[in-house]
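# An overview of the molecular structure
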Amino acid sequence: MIESVKIRRQCMRDFYSHYEHLCALQGSVPLKAVQANLTQGALDLIVDRIKAADWAPLLSAIRHNKTLISIGVRSFHQQGLGEPGVERYKTYFRRRIPAIRSKDLTGQLCKAVKGCLSISDVLKNLELQGLLLRERDLILLTKGLAATVSLESISLPHCPIGDGGLETICQSIKNSATIRYVNFTGCSLTWRGAEHVANVLKHQAMKRHSEAWAESLRYRRPDFDYMTGLRRVTFNCNMLVGDRGASAFAECLGEDLWLKALDLQQCGISNEGARSLLDALQTNTTLVVLDIRKNPLIDHVMMKNIIERVLMNGNSANSEYKWLTSPPSKDALKTRPKKRTIVLGSGRKGKATIRIGLLSKNSISPGKKNTSGKDSYSPKPLPPGTKGFLPWRTAERAKRCRGGPVDSTEELPVKIQTGAPVKVTVESGSTSETEDTEDLDDAIHRPNLVKSLDKVKITKYQQLQLELEECMEKIKEEQRARAKAEKRITKLEIENARLKNLNISLSEALHAQSVTNMILGDEGVLGSIENSFQKFHAFLDLLKDAG
């Protein structure tokens, strides 16, 4: 065997050794990030800082690998996002665009992933996050998904593939025998994309029904858990799905027996779409997760009813399908905490810095102003000419940059040394979520959830108790009727036995009479036979006499 082929086959069993070998052939240094993010057969890379020259050995190693269980390629680059003060002060800067954003490199990555999917029989998870996947890239990825024999999870979060790209991927997912989980979070999808996924679920449901019918022959019981097809669909952060997309999902959920989890956070659903989902849950008893949080157009009561209904389906706490954590809002991802610095006064004693930070999300309620003197700092104006006097323009500018009243756990100093420059730094706090969503999150992740549901449903328990008493009364009436029927049955059995004995005696008498008649009939027959023989012998004697 050729030495290079032998080395290649040996390296295919170990991803990092193969990668080091390819780097040595190219004359480059292996990336430390590859080794740092390679744990227990799982490769999870953040590729924003990988240069174009370092991609060739990495892609070649991925293409020929047969040992990786999970592959994750993530990009957090957000184009066109800068600091808010850049435009104000007419200063511009140029951010470096990662190499993975190029058209050629994305195509090479998808080609490498396609090769790995085609030859690997252990790869189970594939995640491509934040990549610009074009039509030709999706076609390559689809070919790999059609050829894979082991992939269970395909995740494309924040890849703007659109409805057309999703339709391309669904063509291979609907016929896959292994894929059980798909994640299309933040993929710029609309209600058309929801219809594409709903059509996949309907297509797979038809195949499963035929399989279940075949397995139910000869009094067998089909096992739904071992049948192929999707078990979880994640559709979060697609605001244009709306009520029409929710109705498409509800239509296929009504008679579905296999889908276990459906995530629809931040999908622009209102009460109309939520009502259609609630109607579908009246006949669906297999769905254990239906996550419609982060949809502000849904009434709190409606959301609570849906989540309670789903939690009743999944009353087993050991289910493998868990509720996902709420995705962060876009503003929190795009912007960083802001800092504003204003220097007040002039002097030679140095600078005094005061850091004023906002409290957590429950400290400040939006839409309300706090005018308490303890919570905000406003220095007392000094008359002109005194030491430490500040002009009114400077004071107004400081108030404007400070941004209104600020809550703080520590009291600010009342007195500040006059004549020294004062540096004020204001940090903006994180945006708060609504209290209703927090309550629902606590209700979902609370361990003693069954007890809380029992407390909420006391009236239902009383109704069930009344129904139980009515059923007990009906059972007693049926027992009385059954006792009467048993007495009647015993009487009829006695009468039946008497009639049976009478019938037996009559049949015996009839049989004896028939036997006597038979005997008499037999004697008459014998006499006639004897007479016929006598006449025959007489005829023979006449013949002898005649010669």
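Counting of residues starts from 1 at the beginning of each chain's written sequence and follows it residue by residue. In view of the model being predicted, local features appear only for residues whose pLDDT reaches at least 70, and side-chain atom pairs are presented and counted only at 80 or more, with totals across whole chains, interfaces and linings using the full set of residues. Excluding hydrogens and water, the side-chain values take into account all heavy atoms of the structure.

## Points about unusual backbone geometry
To keep things clear, this is the line we draw: What counts as a helix is a DSSP run of H or I of at least four residues, what counts as a strand is a run of E of at least two, and both are numbered from the N terminus.
Although it is not a glycine, S188 adopts a positive phi angle of roughly 60 degrees. Mapped onto the secondary structure, S188 falls in the loop between strand 6 (181–183) and helix 8 (191–215).

## Topic: helix 10 (residues 271–280)
Keep this limit in mind: Each residue is assigned to one of three classes by its accessible area relative to the maximum for its type, calculated with a 1.4 Å probe on protein chains only: buried under 20%, partly exposed between the two thresholds, exposed over 50%. Contacts are assigned to residue pairs that have any heavy atoms within 4.5 Å of one another.
Within the span of helix 10, buried status applies to G273, A274, S276, L277, L278 and A280. Where the residues of helix 10 are buried, they touch helix 9 (242–253), strand 9 (289–291) and helix 11 (300–313).

## Some points on the nonpolar core
Rules: Residues grouped as a nonpolar core are buried Ala, Val, Leu, Ile, Met, Phe, Trp, Tyr and Cys residues, joined through side-chain atoms within 4.5 Å.
Judged by nonpolar contacts, the single largest core of 91 residues is most densely connected at W55, L156, I161, F184 and F235. Top element by residues in this core is helix 5 (residues 103–119). It accounts for seven residues. Among residues more than four places away in sequence, those in contact with I161 are L133, L138, L156, L166, I169, F184 and C187.

## Section: the state of the cysteines
Two cysteines whose sulfur atoms are joined by a covalent bond form what is called a disulfide. What counts here: What counts as a disulfide here is a pair of cysteine sulfur atoms lying within 2.5 Å.
One pass over the full model with this rule turns up zero disulfides. We note that C267 lacks a disulfide partner, and the nearest cysteine sulfur, in C237, lies 7.5 Å from it.

## Observations concerning the packing of aromatic side chains
As a reminder, the rule being used: Only Phe, Tyr and Trp rings are paired, with Trp represented by its six-membered ring, and only when their centres lie within 6.5 Å; those with planes under 30 degrees apart are stacked, over 60 edge-to-face, the remainder tilted.
Scanning the entire structure with this criterion turns up three aromatic pairs. A ring pair is formed by F184 and F235, whose centres lie 6.4 Å apart and whose planes are at 80 degrees; its orientation type is edge-to-face. Of this pair, F184 sits in the loop between strand 6 and helix 8 while F235 sits in the loop between strand 7 (232–234) and helix 9, and the two are 51 residues apart along the sequence. On the accessibility criterion, F184 (1% relative accessible area) is buried. Of the residues examined, F235 reaches a relative accessible area of 0% and is grouped as buried.

## Structural notes on helix 7 (residues 162–173)
What counts, and what does not: Here, expected helix span is obtained from the residue count minus one, scaled by 1.5 Å.
Relative to the 16 Å expected for 12 residues at 1.5 Å per residue, helix 7 spans 16 Å between its end C-alpha atoms, a close match to the ideal helical length. Here helix 7 has its buried residues at G162, D163, G165, L166, I169, C170, S172 and I173.

## What about the environment of E251?
Along the polypeptide, E251 turns up in helix 9. The class of E251 is exposed, set by a relative accessible area of 58%. A sequence separation of 29 residues divides E251 from A280, and the C-alpha atoms of the two residues are 7.2 Å apart.

## Examining a negative patch on the surface
Heads up, the rule is: Residues enter patches when they are more than 30% accessible in relative terms and free of salt bridges; like-charged ones are connected within 9 Å and nonpolar ones (Val, Leu, Ile, Met, Phe, Trp, Tyr) within 5 Å. Only the protein chains shown count as covering a residue, and every accessible area follows the Shrake-Rupley method with a 1.4 Å probe. Salt bridges are defined by distance alone: a side-chain nitrogen of Lys or Arg within 4 Å of a carboxyl oxygen of Asp or Glu. Charge counting follows a simple rule: Lys and Arg are positive, Asp and Glu are negative, and His as well as the terminal groups are ignored. Charge placement uses NZ in Lys and CZ in Arg. For Asp and Glu, CG and CD serve respectively.
Where like charges cluster on the molecular surface, the negative patch consists of E467, E469, E470, E473, E477 and E478. For E477, the location among the structural elements is in helix 16 (residues 458–546).

## What about the pattern of salt bridges?
Overall, the coordinates contain nine salt bridges when judged by the stated rule. Between D263 and R232 there is a salt bridge, and its shortest N-O distance comes to 3.0 Å. Residue D263 is found in strand 8 (residues 261–263), and its partner R232 is found in strand 7; the two are separated by 31 residues along the sequence. For the pair D263 and R232, one class covers both residues: buried.

## Considerations on the pairing of strand 4 (residues 125–129)
Applied cut-off: Strand pairing is assigned whenever DSSP detects at least two bridges linking the two strands. Clockwise travel from the first strand over the helix to the second, with the strands pointing away from the viewer, marks a crossover as right-handed.
Relative to strand 4, strand 3 (residues 70–74) runs parallel, the two sharing five bridges. The partner of V73 across the bridge, within strand 4, is L128. Direction of pairing for strand 4 relative to strand 5 (residues 153–155): parallel, over a ladder of three bridges. Residue pairing in the sheet places N125 in a bridge with S153 of strand 5. The parallel pair strand 4 and strand 5, bridged by helix 6 (residues 135–147), forms a crossover whose chirality is right-handed.

## Topic: the sheet that holds strand 8
Pairing within the open sheet is mixed, and its nine strands lie in the order 1-2-3-4-5-6-7-8-9. Edge positions in the sheet fall to strand 1 (38–39) and strand 9, since each of these pairs with one other strand and no more. Where strand 7 meets strand 8, three bridges bridge the pair, whose relative direction is parallel. Its bridge partner being in strand 8, V233 is matched across the sheet by L262.

## A short note on the side chain of T185
So the rule is basically this: Whenever a nitrogen or oxygen atom comes within 3.5 Å of another N or O atom, the pair is scored as a polar contact, on the condition that within protein one atom can donate a hydrogen and the other can accept it, and that pairs from neighbouring residues in sequence are kept only if both atoms are in side chains.
Turning to its location among the elements, T185 is positioned in the loop between strand 6 and helix 8. Residue T185 is classed as buried on the basis of its relative accessible area, which comes to 9%. Here N183 takes part through its side chain, which lies 2.6 Å from a polar atom of the side chain of T185. In this structure T185 touches L156, P157, H158, T234, N236, C237 and N238, once residues within four positions along its chain are discounted.

## Structural notes on the confidence of the model for the protein
Put simply, the rule is: Confidence of the predictor in every single residue is expressed as pLDDT, which spans 0 to 100.
Here the protein averages 78 in pLDDT, while 67% of its residues score no lower than 70. Note that residues 81–93 has pLDDT below 50 and, in this model, seven contacts with residues that lie over four places away or in other chains. Within the model, pLDDT remains below 50 along residues 356–377, and this stretch shows 34 contacts once partners closer than five positions in the same chain are excluded.

## As for a nonpolar patch on the surface
Side chains of V525, L526, I529 and F533 sit close together on the surface and give an oily, nonpolar patch of about 380 Å² of accessible area. Of note, I529 is situated in helix 16.

## Here we look at a positive patch on the surface
There is a patch of like positive charges on the surface, built from K476, R480, K484, K487, R488 and K491. As for its position among the elements, K487 is in helix 16. Residue class for K487 comes out exposed when judged on its relative accessible area of 59%.

## With respect to the side chain of D137
By the element assignment, D137 lies in helix 6. Classification of D137 by relative accessible area gives buried; the value is 1%. Side-chain polar atoms of D137 contact the backbone nitrogen of R134, separated by 3.0 Å. Apart from residues no more than four positions distant in its own chain, D137 is found in contact with T106, G107, C110 and L132.

## Considering the packing of helix 10 against helix 11
Short version of the rule: Working convention: axes come from line fits to C-alpha atoms, limited for helices to the stretch in contact. Angles between N-to-C directions cover 0 to 180 degrees. In these notes the angle categories are as follows: under 35 degrees is roughly parallel, over 145 is roughly antiparallel, 65 to 115 is roughly perpendicular, and the rest is oblique. Note on convention: near helix rotated counterclockwise from far helix by under a right angle means a left-handed crossing. Clockwise means right-handed. As a working rule, the residues Ala, Val, Leu, Ile, Met, Phe, Trp, Tyr, Cys and Pro are called nonpolar, Asp, Glu, Lys and Arg charged, and the rest polar, with Gly in that last group.
In contact at an axis separation of 10 Å, helix 10 and helix 11 are set at 25 degrees when each is read in the N-to-C sense. Taken together, helix 10 and helix 11 sit at an angle that is classed as roughly parallel. Here helix 10 and helix 11 pass one another in a crossing that is left-handed. Across the interface between the two elements, N271, A274, R275 and L278 of helix 10 pack against M302, N305 and I306 of helix 11. A class-by-class count of the residues in the contact of helix 10 with helix 11 yields four nonpolar, two polar and one charged.

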